[in-house]
Amino acid sequence: MSRVVIVGGGAAGMMAAIAAAEAGHTVRLLEKNEKLGKKLFITGKGRCNLTNACDTEELFRHVVSNPRFLYSSFYRFGNSDVMDFMEKGGCPLKTERGNRVFPVSDKSSDVIRVLANRLHELGVQVSLHTEVSDILTEQGRACGVRLKKDRRVIPADAVVVATGGLSYPSTGSTGDGYRFARTLGHTVTKLSPALVPFETLEPTEKLQGLSLRNIRVKILNGSRVLYEEFGEMLFTHFGVSGPVLLSASSYVAAALRTGPLTLSIDLKPALSAEQLDARILRDFEERKNRQFGNSLGRLLPSKLIPVVVDATGIDSDKKVNEITRGERERLVSIGKDFRLTLTGLRDFNEAIITQGGVSVKEINPSTMESRKVPGLYFAGEVLDLDAVTGGFNLQIAWSTGRLAGESV
């Protein structure tokens, strides 16, 4: 059986090591951090949304970059396989809104524990505080790695690179895998932060911390709709975030690099403009002697009221019974199309994942082996694969890691 070295002890690396060891190989897992799964530990705010319980075909629809490349991976080791693996390992799971799957305990440490226990059971040699400086080749084939600290060489018959991307660099994701890939003749596509908050032209400090649920957002470039989705968003001190906008960042990043975009928020998507107008009329009828600025408590969250009042141009002290039909139409219009200007994305320190990576054209999708360097495999975020929020990115890591480990 082969000697296999896995570089990177995150989700993809641990799963690759488990699969290779189950196939009977001698496996060594090298991790430069002080513990395994450091990024996994903070995933989902520490709760770890480890996959999504949708149909397998639905998984592909949530992948932004190169979904067809994942056909073999997802069908070989899909979401139900991940859930079975975790539950058999002693981590009971629950499914929440949007088919998001979490540990019942809400602790990412339980997911890491299942993986670490399995590595131990299989006799995988785990080396922490162990950073790799180079992937070595002989006659064009991967033959081992050189360690950074003492320049020691660890020979191998196969090497799996699962070093992650550039997001959350404090967890060790500092782009090592891209450097390895380039050195060995691979193409690395343009790298950018993904699943990352937006900055806005308009100040949002007064709205900081406000979460809006059940809203519909559109992102427009001029009159062209680039992205549209229903869900939940959050205002921050610098702009906007939350699930629906984090996912949007993956689709509109390229357009945003060429100039500002428009964010349109439908605050009341369940109501047509006519229905919203009727609703406002009823509220006004009940509060006809109130000032306009104090009349919207049933319609909008308190933090949003002064911002919407300003946007209408109506004097907040004006009595409700004095508001004209035209002024009311402006209020309806803003309720259905509240606009902000998106000027940029936050950086890799706040990005959940990296968009771009090792070009999948140079990787065999049936094995995860390099088409350029036999014996070299790639798995997880280091590849040019990314998806929206909801557990889909971790599913990519589990599936590609498993396939790489089984294929060596």
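For clarity, every value in this text was computed on a predicted model and none was experimentally measured.

Considerations on the environment of Phe-238
So, point 1. One can find Phe-238 in the loop between β15 (224–235) and β16 (239–241).
So, point 2. Residue classification places Phe-238 among the buried positions, given a relative accessible area of 14%.
So, point 3. Counting along the chain gives 33 residues from Phe-238 to Glu-205, while the straight-line C-alpha distance between them is 6.9 Å.
So, point 4. Leave out the neighbours within four places in its chain, and Phe-238 touches Pro-197, Phe-198, Glu-199, Thr-200, Thr-204, Arg-346 and Glu-350.

Here we look at the packing of helix α1 (residues 11–22) against helix α12 (residues 392–407)
So, point 1. It is at 7 Å that the axes of α1 and α12 come closest, and there the two elements cross at 30°. The orientation of α1 with respect to α12, classified from their angle, is roughly parallel. In this structure, α1 meets α12 at a crossing whose hand is right-handed. On the side of α1, the interface is formed by Ala-11, Ala-12, Met-15, Ala-16, Ile-18, Ala-19, Ala-20 and Glu-22, while α12 contributes Leu-394, Ala-397, Trp-398, Gly-401, Arg-402, Gly-405 and Glu-406.
So, point 2. Residue composition of the contact of α1 with α12, by class: ten nonpolar, two polar and three charged.

Comments concerning the packing of aromatic side chains
So, point 1. For the structure on display, the rule yields six aromatic pairs.
So, point 2. Ring centres of Tyr-71 and Tyr-75 lie 4.8 Å apart, and the angle between their planes is 40°; on these two criteria the pair is classed as tilted. Of this pair, Tyr-71 and Tyr-75 both sit in helix α4 (residues 71–76), four residues apart, which is roughly one turn of that helix.
So, point 3. Residue Tyr-71 is classed as partly exposed on the basis of its relative accessible area, which comes to 49%.
So, point 4. Following the ring pairs from residue to residue traces out a cluster consisting of Phe-60, Tyr-71, Phe-74 and Tyr-75.
So, point 5. Above the face of the Phe-41 ring, Lys-35 is positioned so that its terminal group lies 4.4 Å from the ring centre.
So, point 6. Over the ring of Phe-102 we find Arg-47, and its NZ or CZ is 3.9 Å from the ring centre.

Thoughts on the packing of α1 against helix α6 (residues 108–121)
So, point 1. In contact at an axis separation of 10 Å, α1 and α6 are set at 30° when each is read in the N-to-C sense. The angle between α1 and α6 falls in the class roughly parallel. Two packed elements cross with a definite hand, and for α1 against α6 that hand is left-handed. On the side of α1, the interface is formed by Met-14, Met-15, Ala-17, Ile-18 and Glu-22, while α6 contributes Leu-115, Arg-118 and Leu-119.
So, point 2. Per-class residue counts for the contact of α1 with α6 are six nonpolar, no polar and two charged.

The rules behind these values
- Residues numbered from 1 in each chain as written.
- Predicted model: local features only at pLDDT ≥ 70, side-chain atom pairs only at ≥ 80, totals over all residues.
- Heavy atoms only, no water.
- Helix = DSSP H or I, 4+ residues; strand = E, 2+ residues; numbered from the N terminus.
- Buried < 20%, exposed > 50% of the residue type's maximum accessible area, 1.4 Å probe, protein only.
- Contact = heavy atoms within 4.5 Å.
- Axes fitted to C-alpha atoms, helices over the stretch in contact; angles between N-to-C directions.
- Parallel < 35°, antiparallel > 145°, perpendicular 65-115°, else oblique.
- Left-handed = near helix turned anticlockwise from the far one by under 90°.
- Nonpolar A, V, L, I, M, F, W, Y, C, P; charged D, E, K, R; others polar.
- Phe/Tyr/Trp six-rings, centres within 6.5 Å; stacked < 30°, edge-to-face > 60°.
- Lys NZ or Arg CZ within 6 Å of the ring centre and 35° of its normal.

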